[in-house]
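Each chain, written out:
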Amino acid sequence: KLGYTNVYTAQIFLLQAPIRSKEKAKKFRELLTAKGGTISDDLLDDMQRCPIRTYDETIMDDPVARRLKEALELNSESLKMLINEKFGDGVMSSVDMKIKVQKVKSDTGDKVQIIME
């Protein structure tokens, strides 16, 4: 409803990404309060500021974070080769990258799909 991915929305809640306009902030508040929730004016203002991006280093001890790191480490060379083949010898930018997480059904159970675009 706001045009943000689920990952970007989570980043807003963690003050790691901003709500990009007053109109979206108003809609954000409407969505949060539609079923009786509340959000303070101060928090909504903070959610619209340019974030100082940091992360809690202990998150890397979490099994999900460790598996993501492992997946990148084990596949980085192949991913780099494929990206270079498709886009040339450049650096992939994450400045305006959109990331979303989805659940995918499979014969062996639900799988996590992470889309980076």
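Residues numbered from 1 in each chain as written. Predicted model: local features only at pLDDT ≥ 70, side-chain atom pairs only at ≥ 80, totals over all residues. Heavy atoms only, no water.

## Re the packing of aromatic side chains
Stage number 1. Across all of its chains, the model carries two aromatic pairs by this definition.
Stage number 2. Both rings, one in Y4 and one in Y8, keep their centres 4.7 Å apart while their planes meet at 35 degrees; by these two values the pair is tilted. Of the two residues examined, Y4 and Y8, each falls in the buried class.
Stage number 3. For the pair F13 and F28, a centre-to-centre distance of 5.5 Å together with 45 degrees between the ring planes defines the contact as tilted. Residue F13 is found in helix α1 (residues 6-13), and its partner F28 is found in helix α2 (residues 22-33); the two are separated by 15 residues along the sequence.
Stage number 4. For F28, a relative accessible area of 3% translates into the label buried.
Stage number 5. Residue placement shows K24 over the ring face of Y4; its charged tip is 4.5 Å from the ring centre. (Phe/Tyr/Trp six-rings, centres within 6.5 Å; stacked < 30°, edge-to-face > 60°. Buried < 20%, exposed > 50% of the residue type's maximum accessible area, 1.4 Å probe, protein only. Helix = DSSP H or I, 4+ residues; strand = E, 2+ residues; numbered from the N terminus. Lys NZ or Arg CZ within 6 Å of the ring centre and 35° of its normal.)

## Quick notes on the nonpolar core
Stage number 1. In this structure, L2, Y4, Y8, I12, A17, I19, A25, F28, I39, L44 and M47 together form the largest nonpolar core, which totals eleven residues.
Stage number 2. Residue assignment for this core shows that the elements contributing at least two residues are α1 and α2.
Stage number 3. In this structure, I39 is in contact with F28, R29, L32, T33, L44 and M47, ignoring residues within four places of it in sequence. (Core = buried A, V, L, I, M, F, W, Y, C linked by side-chain atoms within 4.5 Å. Contact = heavy atoms within 4.5 Å.)

## Structural notes on the pattern of salt bridges
Stage number 1. As enumerated under the stated definition, the model contains seven salt bridges in all.
Stage number 2. Ionic pairing is found between D41 and R29, a salt bridge with its closest N-O pair at 2.8 Å. With D41 in helix α3 (residues 41-46) and R29 in helix α2, this pair connects stretches of sequence that are twelve residues apart.
Stage number 3. By relative accessible area, R29 is classed as partly exposed at 24%.
Stage number 4. The shortest N-O distance in the salt bridge between D110 and K103 comes to 3.8 Å.
Stage number 5. Under the relative-accessibility criterion, K103 is labelled exposed at 61%. (Salt bridge = Lys/Arg side-chain N within 4 Å of Asp/Glu carboxyl O.)

## Looking at the environment of S106
Stage number 1. Within the secondary structure, S106 sits in the loop between β1 (99-104) and β2 (111-116).
Stage number 2. Separated by 84 residues in sequence, S106 and K22 place their C-alpha atoms 41 Å apart.
Stage number 3. From its side chain, S106 meets the backbone oxygen of G109 in a polar contact 2.7 Å long. (Polar contact = N/O pair within 3.5 Å; in protein donor to acceptor, adjacent residues only side chain to side chain.)

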